[in-house]
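Summary of structural features
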Protein chains: 2
Amino acid sequence: MSERFYHPSPPHDGRARLEGDEARHLARVLRAKPGDGVTLFDGRGNAWTARVASVGRDVVDLDVGEALPANDPPRSSVTIAVALPKGDRQKWLVEKLAELGVEALVPLVTARGVAEATDSARARLERGVIEACKQCGRDRLMTIGAAATLPETIAAAASGTTILLADPAGEPLETPAAGAALVLVGPEGGFTPEEIAVATAAGARRVRLARHVLRIETAAIAAAARLA
Amino acid sequence: MSERFYHPSPPHDGRARLEGDEARHLARVLRAKPGDGVTLFDGRGNAWTARVASVGRDVVDLDVGEALPANDPPRSSVTIAVALPKGDRQKWLVEKLAELGVEALVPLVTARGVAEATDSARARLERGVIEACKQCGRDRLMTIGAAATLPETIAAAASGTTILLADPAGEPLETPAAGAALVLVGPEGGFTPEEIAVATAAGARRVRLARHVLRIETAAIAAAARLA
């Protein structure tokens, strides 16, 4: 697999221009030279072969070649709505969920949550998604949703979606659900009884993902590994 | 769940003494006072309630109370043999595998591996296991095995163990195996064809854990989430 670069708009007349982080990665980290081969992906499932045409100070121009075959479509559409953990754990969470094929991450606003999904936090998460997709060969970006409460998140789910709430006191998750799934992962202190009541009233099933108490990011990643 | 402390030997005459990291955590980080309640676990599946009797400079003496009911026995015994990733990813790997209930981690010696399981690396991993077990309520430590090659690792597996080799070109892992499982996870550059031949000749099944190329630690954690 050649090095992959994210270019959100389709190539125009067989050309594409990398700017910002992507140009710096190719020009400065990888010290690209005209003629070097790379892969371009648009984050919506399309990818192309390309060659470096010229390297500028902050831009790299590419000659775009043939379209590459599409990635496998997802087995199921999994959204993980999670009370964001702090610091490095957030970065890690996003990397792993993107690698595992999760379709969307929604930062969940909860009573006991500790990390806010500010605009800068969301921008950082989105950059993490791009990095992971470059690395793991994923052509369709994982979406970072707007921060939302439990009722908002559940209301936004398509009808027929299986809704699971990660809960150490729930039933073991024995059979992965087919089709669309929404997994709700609470903060370190857990969901409040009121939050659990709201979710179960809306049809969420309380499921236990392991025998021990999982950290936020471990629960989210374990659910992704089982369902995505 | 009260704060948990690791004390590898059984209490003697209703007393136990914490030293080293465990004493420092209780005395300095948590600023324990006589009478404070904690939980002790021995890393072999036993746990007790305890109260702080006295706090010294580098030791904390405890009065040990009743034995606590044993954790659920594992659903299956899962060993993850993995070519260690570098740096922080190693620390994450160990924390997550311990949380998810993996029985043993074996550092795998491979042709393309980059991180060596030196004594100091193994000691660091073992400390990581203790931290994770304190945090997630696990009373039996995950074992960190001695570094081993693929043939050594496979030869050490109990007969009847399901042997799986993580491989992006393998079959999807649809049905988690029941009983004992050994999962082989290669280095960033992958197992060599010779290594794959050795493992499959010994009965290993090549399985794909996700649609994309997973990093070492993601593959190991995904396998643990599916099997442990």
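From a predicted model like this one, the values you see are computed outputs, not experimental measurements.

Conventions and cut-offs
- Residues numbered from 1 in each chain as written.
- Chains lettered and ligands numbered in written order.
- Predicted model: local features only at pLDDT ≥ 70, side-chain atom pairs only at ≥ 80, totals over all residues.
- Helix = DSSP H or I, 4+ residues; strand = E, 2+ residues; numbered from the N terminus.
- Buried ≥ 20, exposed ≤ 12 C-beta atoms within 10 Å, placed from the backbone.
- Contact = placed C-beta atoms within 7 Å.
- pLDDT = per-residue confidence, 0-100.
- Least-squares fit on C-alpha atoms with pLDDT ≥ 70 in both.
- Nonpolar A, V, L, I, M, F, W, Y, C, P; charged D, E, K, R; others polar.
- Domains from an automatic or database assignment.
- Expected span 1.5 Å × (residues − 1).
- Pairing = 2+ DSSP bridges.
- Axes fitted to C-alpha atoms, helices over the stretch in contact; angles between N-to-C directions.
- Parallel < 35°, antiparallel > 145°, perpendicular 65-115°, else oblique.
- Left-handed = near helix turned anticlockwise from the far one by under 90°.

**A few points about the overall build of chain A**
- In terms of helices and strands, chain A carries six helices and 12 strands.
- Counting only C-alpha atoms and orienting by the principal axes, one finds that chain A spans roughly 60 × 30 × 30 Å.
- The 228 residues of chain A split such that 43% are buried.
- For chain A, restricting intrachain contacts to residue pairs at least 6 apart in sequence, the fraction spanning at least 24 positions comes to 70%.

**Thoughts on the confidence of the model for chain A**
- Overall, the prediction assigns chain A a mean pLDDT of 93, with 96% of residues at 70 or greater.
- For this predicted complex, the interface score ipTM comes out at 0.92, alongside a pTM of 0.93.

**Observations concerning the relation of the copies chain A and chain B**
- Rotating chain A by 180 degrees about the axis while translating it 0.0 Å along that axis superimposes it on chain B, leaving an RMSD of 0.0 Å. Overall, the copies show the geometry of a two-fold rotation axis.
- When the interface residues of chain A are mapped onto chain B, 100% of them are again interface residues, pointing to one common binding face.

**Let's talk about the interface of chain A and chain B**
- Taken together, the contact between chain A and chain B spans 21 residues of the former and 21 residues of the latter.
- Here the element with the most residues in the side of chain A that touches chain B is helix H6 (residues 216-227) of chain A; it accounts for five residues.
- In terms of residue class, the side of chain A that touches chain B is made up of nine nonpolar, five polar and seven charged.

**Overview of the domain arrangement of chain A**
Residues and elements named next belong to chain A.
- When cut into domains, chain A gives domain 1 (4-67) and domain 2 (78-227).
- Inter-centroid distance (C-alpha atoms) of domain 1 to domain 2 is 32 Å.
- Domain 1 puts nine residues into the contact, and the matching count from domain 2 is six residues.
- It is strand S1 (residues 4-6) that contributes the most residues to the side of domain 1 that touches domain 2, three residues altogether.

**So, H6(A)**
- Its 12 residues place the ends of H6(A) 17 Å apart at the C-alpha level, agreeing with the 16 Å of an ideal helix rising 1.5 Å per residue.
- Of all 12 residues in H6(A), 12 are buried, a share of seventy percent or more.
- Those residues of H6(A) that sit buried are A:Ile216, A:Glu217, A:Thr218, A:Ala219, A:Ala220, A:Ile221, A:Ala222, A:Ala223, A:Ala224, A:Ala225, A:Arg226 and A:Leu227.
- In this structure, the buried residues of H6(A) make contact with strand S6 (78-82), helix H2 (88-99), strand S10 (162-172) and strand S11 (181-185) of chain A together with helix H2 (88-99) and helix H6 (216-227) of chain B.

**With respect to the sheet that holds S1(A)**
Residues and elements named next belong to chain A.
- The mixed open sheet is built from five strands, whose spatial order is S1-S3-S4-S5-S2. Strand pairing shows two members of the sheet lacking a second neighbour, S1 and strand S2 (15-18), which therefore form its edges. On average, adjacent strands in this sheet sit at an angle of 40 degrees to one another, irrespective of strand direction.
- Two elements, S2 and strand S5 (residues 60-67), share four bridges in a ladder whose sense is antiparallel. From the neighbouring strand, Leu18 faces S5, where its bridge partner is Val60.

**Regarding the packing of H2(A) against helix H3 (residues 119-136) of chain A**
All names here are of chain A.
- H3 packs onto H2 with a crossing angle of 40 degrees between their chain directions and a minimal axis gap of 8 Å. With respect to H3, the axis of H2 lies oblique. The interaxial crossing formed by H2 with H3 has right-handed handedness. Packed against H2, whose contacting residues are Gln90, Lys91, Val94, Glu95, Ala98 and Glu99, the element H3 presents Leu125, Gly128, Val129, Ala132, Cys133 and Cys136 at the interface.
- Of the residues in the contact of H2 with H3, the class split is seven nonpolar, two polar and three charged.

**Some thoughts on the sheet that holds strand S2 (residues 15-19) of chain B**
Residues and elements named next belong to chain B.
- Here we have five strands laid out as an open sheet, ordered S1-S3-S4-S5-S2, and mixed in their pairing. The sheet is open, and its two edges are formed by strand S1 (4-6) and S2, each paired on a single side. The average undirected angle you get between the axes of adjacent strands in this sheet is 40 degrees.
- This element, helix H1 (residues 20-29), spans S1, S2, strand S3 (37-41), strand S4 (47-55) and strand S5 (59-67) of the sheet and lies at about 95 degrees to S2.

**Brief notes about unusual backbone geometry**
All names here are of chain A.
- In this model, Arg31 sits at a positive phi of 45 degrees, which is unusual for a non-glycine residue.
- Tracing the backbone shows Arg31 in the loop between helix H1 (20-29) and strand S3 (37-41).
- The exposure class of Arg31 is exposed, given the 9 C-beta atoms found within 10 Å.

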